[in-house]
Amino acid sequence: MTRPVEISVPKAAGELPNEKFVELEKYIDNLDTTKGALIRILHKAQQIFGYLPMEVQLFIARKLNIPGSEVFGVVSFYSYFSTQPSGKHTISVCMGTACFVRGSDRIHEKLKEELGIGSNQTTDDGLFTIKDVRCIGACGLAPVIMVDDKVYGRVTEEDLPEILNTYRQKTIDS
Amino acid sequence: MTVYRTNILVCGGTGCVSSASLDVYNKFKKLITSAGYDKEVKIIKTGCFGFCEQGPIVKIEPDNVFYVKVNKKDAEEIVNEHIIKGRIVKRLLYKEPNSKRIIEKHQNMPFYKKQFRIALRNCGLINPEDIYEYIAVGGYEALGRVITKMNRDEIVDIIKKSGLRGRGGGGFPTGIKWEITKNNHSDKKYIICNADEGDPGAFMDRSILEGDPHNVLEAMAIGGYTIGADKGLIYIRAEYPLAIERLDIAIKQARELGLLGNNILGTDFNFDIEIKLGAGAFVCGEETALINSAEGKRGEPNYKPPYPAQEGLWGKPTCVNNVETFANIPAIILNGYEWFSSIGTEKSKGTKVFALAGKINNVGLVEVPMGTTFREIIYDIGGGIQGNRKFKAVQTGGPSGGVITEENLDTPIDYDSLSSIGSMMGSGGMIVMDDTTCMVDVAKFYLEFTQDESCGRCTPCRIGTKRMFEILTKITDGKGTKEDLKNLEQLSYMIKDGSLCGLGQTAPNPVLSTMKFFKDEYLQHVVNKVCPTGRCKGLAKYKIDPEKCVGCTACAKVCPVECISGKLKETHVIDQNRCIKCGACFEACRFNAVIKPK
Amino acid sequence: MGIKSLDELRKIRENSIKKIDLRNQGNEGDNIEILIGMATCGIASGAREILNTLAEEVSKKNIKNVKIVPVGCIGYCHSEPIIQVNIPGQKPVIYGKVDKDRAIEIFNSHIIKGKAIKKYTLDIDFERAKQL
């Protein structure tokens, strides 16, 4: 059994509040073992913070008593982990083969044009982030995009403005 | 519970009842009882078989023999010949109308099921969140029999004789994998389920885990018992939240009923399963990379040997099998290796699940016996090409595979036949393409994928796939030369030879395969600077044929840049300066008036 | 409450087996079942809404013998959402491309009046391996 290290570091940095670090620390301390648990911890950390900034990566490194470079090495290896905060809504464009054959590249281009950003970028108003995903497994509905958890199937270029507006409207309403 | 050796299924559907199937049912009951077989043979009234025209229908299981137009007198003959003496009554078998060929096995009947479902047998039938429903269909019986009545060598023997091969793509015999891991002595061993379904466009494993998670858990426990592991891991993509949730529920339920944990079913066998999440890396489907990732590290592959069966997770002997492979195991244990090996081709036994997608009418999952042809899958099951367009190619094996063209549509699908025509079985993605799909563009798509997913460990793969992607982009932009084609081919062989793992070794396959079968299309791109399908925007020039245009305005309506002008019922014209060559007008036109550049 | 032996497992199976039989072949019993394909593709094309609609109908019309069961995917992604209606003594009927309106229509005709709606049904072209 490998146990986490007890550390005392300033548990807040810039925009990152103390409670979130406390929550993460509690999660790490409660694991049966930290052996082999780095990816699991990173998943949890990303769930708590929304992304994995340097401060969080270093915090995890100190807790596990491993070099920060090792943590960064893992974070940068996997596409699921992000070191940039994302917008309020994440739009995932499926880039799987089935969607590709049915024209997802056009949807992708149109979306980037509509929002004026590229993949893995966030709009200036902080509302949308575009992500490319590899197959979400809804090939029957190709081409598919996913806004947060909602899947839109058989999407056409013309549908996009309307879909985006629904989310813009939601933000205004709230 | 009484175990019956044979079931006689008599159709009780409306059609058959009207042709007196109830009399046949009663006759069977009487005959079996008076012959003293009522403890061994069960007579079941079933729902409709969907073949009322030939009713009454009687099916004998597990022999899977299908009799048609059975009357009371025939029932006597079936009992005397088939049930007592084990001889099939040929006279009552279904005859194919055209060829007069006699068809014995139910699944061979043409009207009927091209599909036979073993791995998917419970999907869509039981509630995946209710362990009792899984138990009701015979779940955990195989595990029970194995751990109470069989020794480990017997199980290895059954799996070996069944002919089951790895369904993740490699096709390595599962029984041998188990045997090797079993024979490596160690204080600790692991069994891992590879649910890192990375081929974009494939979702067989996801469907199995979402529809029948206990099937996989049970099989892992059987595997664990066989190889001597008390710990199993399921390595699953984080992109499959629903599958993860259902696995989680299934594991909890199995623990509650003591089907996972210590002293399973009162034996001294202990086994538990843990879920490990991936984090988005295609290379983690490779078993050594998967093991590194399961240890929380970067998912880079290792040099083999040592194989995982020798030194795997935490340096201990480890057996890695794919989800679909596992999903076959309980059925093999319960029905016997003879049953399983009777399905399929000489060297590929059983069935294979394919995710059928792309330009096909019936997108979905199909499970067919090995040896089924592409034509049967695409036309009989898949319902043909969307919009009645012309079939061009079908890709199997995803980014590691290749295309199959018209001339090979009648190839019986198995591991070896696919390799021999330059593709591979792969995990089961099957993408159908029609005449609007550009093959150079498809190759570019796959290379974009692999250059992005290359883990970067080996230079040929890391840099080579990038260069290949650049050359393909150059060609689709209309700037390619003949020299580029030569370089592409040369690079392909260098990457294949110089890479450590399967990702690099197979990454050039889509290029090599499309270059082989569609050489002309490549040449058109580089020599004539045209893309025959009009997909490659850098090359396309669309025109409207004034002879054929009826002025329906369909093209003008779909044009995203509004560069098509013309009044209703008058010939339309494309403004070439504003045209972005998206091809939308071509697809919209019902009169074949939009001409793609030739 | 763990299962202690293979015999115990078999006893549990005996008790659970009836409801599954109904799905395969339409045996006796008086409970109607509606199966809904709730895998990713089903949910993505709106299976959850159909489930809610049907559950509403059941409670609105105060019908006691109908059970709604979420199941996995039968592979007919092209026709999702898919529901299967099992009425005792009848061959199970599978419906494809079920939207809210169709769901209500099917409910009123098939569940209430016992009349299947042919034009929405799907043909099944596969056979399942038997486990026992």
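Quantities reported herein were computed from a predicted structural model and do not represent experimental measurements.

What counts and how
- Residues numbered from 1 in each chain as written.
- Chains lettered and ligands numbered in written order.
- Predicted model: local features only at pLDDT ≥ 70, side-chain atom pairs only at ≥ 80, totals over all residues.
- Helix = DSSP H or I, 4+ residues; strand = E, 2+ residues; numbered from the N terminus.
- Buried ≥ 20, exposed ≤ 12 C-beta atoms within 10 Å, placed from the backbone.
- Contact = placed C-beta atoms within 7 Å.
- Arc of directions from axis to C-beta.
- Nonpolar A, V, L, I, M, F, W, Y, C, P; charged D, E, K, R; others polar.
- Pairing = 2+ DSSP bridges.
- Axes fitted to C-alpha atoms, helices over the stretch in contact; angles between N-to-C directions.
- pLDDT = per-residue confidence, 0-100.
- Core = buried A, V, L, I, M, F, W, Y, C linked by C-beta atoms within 7 Å.
- Parallel < 35°, antiparallel > 145°, perpendicular 65-115°, else oblique.
- Left-handed = near helix turned anticlockwise from the far one by under 90°.

## Some details on the overall build of chain C
Then, number 1: What chain C contains, in helices and strands, is 4 helices and 5 strands.
Then, number 2: Starting at the N terminus, the α and β elements of chain C follow one another as α-β-α-α-β-β-β-α-β.
Then, number 3: Sorting the 132 residues of chain C into buried and exposed places 45% on the buried side.
Then, number 4: Sequence-distant contacts in chain C: of pairs separated by 6 or more residues, those separated by 24 or more amount to 65%.

## Comments concerning the overall build of chain A
Then, number 1: Helix and strand content of chain A: 7 helices and 4 strands.
Then, number 2: Once the C-alpha set of chain A is aligned to its principal axes, its extents read approximately 55 × 35 × 25 Å.
Then, number 3: Relative to its full complement of 174 residues, chain A shows a buried share of 34%.
Then, number 4: Here the contacts in chain A between residues at least 6 apart in sequence split such that 62% fall between residues at least 24 apart.

## A word on helix H14 (residues 374–381) of chain B
Residue and element names in this part refer to chain B.
Then, number 1: Those residues of H14 not exposed but buried are Phe-374, Ile-377, Ile-378 and Ile-381. The buried residues of H14 occupy one face: seen down the axis, they fall within an arc of 120°.
Then, number 2: For H14, the secondary structure elements touched by its buried residues are strand E7 (115–117), strand E12 (351–358), strand E13 (364–369), strand E14 (391–396), strand E15 (402–405) and strand E16 (429–434).
Then, number 3: Backbone geometry just downstream of H14 places Gly-383 in the positive-phi region, at approximately 75°.

## Considering the interface of chain A and chain C
Then, number 1: The interface is formed by 7 residues belonging to chain A together with 7 residues belonging to chain C.
Then, number 2: Tallied by class, the residues present in the side of chain A that touches chain C amount to 4 nonpolar, 3 polar and no charged.

## Overview of the sheet that holds E14 of chain B
Residues and elements named next belong to chain B.
Then, number 1: Sheet architecture is open: 5 strands sit in the order E13-E12-E16-E14-E15, paired in mixed fashion. The open sheet terminates on both sides in strands that have one partner only, identified here as E13 and E15. Mean inter-strand twist for the sheet, computed between neighbouring axes without regard to direction, equals 30°.
Then, number 2: Sheet topology note: the E14/E16 ladder contains 5 bridges and is antiparallel. Counterpart to Phe-391 in the pairing with E16 is Asp-434.

## Overview of the interface of chain C and chain B
Then, number 1: Counting residues at the interface gives 41 residues for chain C and 56 residues for chain B.
Then, number 2: Put simply, the parts of the chain that give the side of chain C that touches chain B at least two residues each are helix H1 (6–25), strand E2 (66–71) and strand E5 (126–128) of chain C.
Then, number 3: No other element matches H1 of chain C, which puts 12 residues into the side of chain C that touches chain B.
Then, number 4: A breakdown of the residues in the side of chain C that touches chain B according to their chemical character gives 19 nonpolar, 11 polar and 11 charged.
Then, number 5: When E7 of chain B meets E5 of chain C, the two strands line up parallel, connected through 3 bridges. Residue Gln-115 of chain B lies in a different strand from E5 of chain C, and its bridge partner there is Phe-126 of chain C.

## A word on the sheet that holds strand E1 (residues 32–37) of chain C
Residues and elements named next belong to chain C.
Then, number 1: As summarised here, the arrangement of the 4 strands in space is E2-E1-E3-E4, forming an open sheet in which the pairing is mixed. Taken across any chain shown, the strands that pair with only one partner, and hence form the sheet edges, are E2 and strand E4 (93–95). Taking the axes of each pair of neighbouring strands and ignoring which way they run, one obtains an average angle of 20° across the sheet.
Then, number 2: Pairing analysis gives 6 bridges linking E1 to E2, with the strands arranged parallel. Bridging across to E2, Ile-34 finds its partner in Ile-68.

## Things to note about the confidence of the model for chain A
Then, number 1: Across chain A, the average pLDDT comes to 89, with 96% of residues at 70 or higher.
Then, number 2: For chain A, strand E4 (residues 150–152) of chain A is the element with the lowest average pLDDT, namely 84, and helix H4 (residues 68–77) of chain A is the one with the highest, namely 96.

## Re the nonpolar core
Side chains that are nonpolar tend, in soluble globular proteins, to be buried together.
Then, number 1: By size, the foremost hydrophobic cluster in this structure holds 237 residues, and its most contacted members are Val-144 of chain A together with Val-216, Ile-222, Ala-355 and Val-394 of chain B.
Then, number 2: One finds Leu-31, Ile-43, Val-70 and Leu-92 of chain B within the second-largest nonpolar core, a separate group that totals 24 residues.

## Let's talk about the packing of helix H17 (residues 459–476) of chain B against helix H18 (residues 482–498) of chain B
Residues and elements named next belong to chain B.
Then, number 1: Where H17 contacts H18, the axes come no closer than 10 Å and their chain directions differ by 160°. Taken together, H17 and H18 sit at an angle that is classed as roughly antiparallel. Handedness of the crossing formed by H17 with H18: left-handed. Together, Pro-460, Cys-461, Gly-464, Thr-465, Arg-467, Met-468, Ile-471, Lys-474 and Ile-475 of H17 and Asp-484, Asn-487, Leu-488, Leu-491, Met-494, Ile-495 and Gly-498 of H18 make up the contact between the two elements.
Then, number 2: Looking at the contact of H17 with H18, its residues break down into 9 nonpolar, 4 polar and 3 charged.

## Points about unusual backbone geometry
Then, number 1: A cis amide bond, omega -5°, links Lys-304 of chain B with the succeeding residue Pro-305 of chain B.
Then, number 2: Checked against the element boundaries, Pro-305 of chain B lands in the loop between helix H11 (287–294) and strand E11 (318–322).
Then, number 3: Cis rather than trans, the peptide bond between Glu-80 of chain C and Pro-81 of chain C has omega equal to -10°.
Then, number 4: Inspection of the secondary structure assignment puts Pro-81 of chain C in the loop between E2 and strand E3 (83–86).

## Examining the pairing of strand E8 (residues 190–195) of chain B
The two faces of the sheet receive side chains in turn, since in a regular strand these alternate between them.
Residue and element names in this part refer to chain B.
Then, number 1: Across the 6 residues of E8, 6 count as buried, placing the element largely inside the fold.
Then, number 2: With burial as the criterion, each face of E8 is covered, one bearing Tyr-190, Ile-192 and Asn-194 and the other bearing Ile-191, Cys-193 and Ala-195.
Then, number 3: Of the strand pairs in this sheet, E8 and strand E9 (residues 231–236) are connected by 6 bridges, and their pairing is parallel. Note that in E9 the partner of Cys-193 across the bridge is Ile-234.

## Re the packing of H18 of chain B against helix H21 (residues 519–528) of chain B
Residue and element names in this part refer to chain B.
Then, number 1: Interhelical geometry of H18 versus H21 gives an angle of 140° and a closest axis separation of 9 Å. Overall, the two elements H18 and H21 adopt an arrangement that is oblique. Mapping the contact onto sequence places Lys-482, Asp-484 and Leu-485 in H18 and Tyr-522, Val-526 and Val-527 in H21.
Then, number 2: When its residues are assigned to classes, the contact of H18 with H21 shows 4 nonpolar, no polar and 2 charged.

## A look at the environment of Met-433 of chain B
Then, number 1: Note on placement: Met-433 of chain B falls in strand E16.
Then, number 2: On the neighbour-count criterion, Met-433 of chain B (23 C-beta atoms within 10 Å) is buried.
Then, number 3: Taking C-alpha positions, Met-433 of chain B is 29 Å from Arg-121 of chain B, a pair spaced 312 residues apart along the chain.
Then, number 4: Ignoring anything within four residues of it in the chain, the contact list for Met-433 of chain B reads Val-101 of chain A together with Gly-358, Lys-359, Lys-392, Ala-393, Val-394 and Val-442 of chain B.

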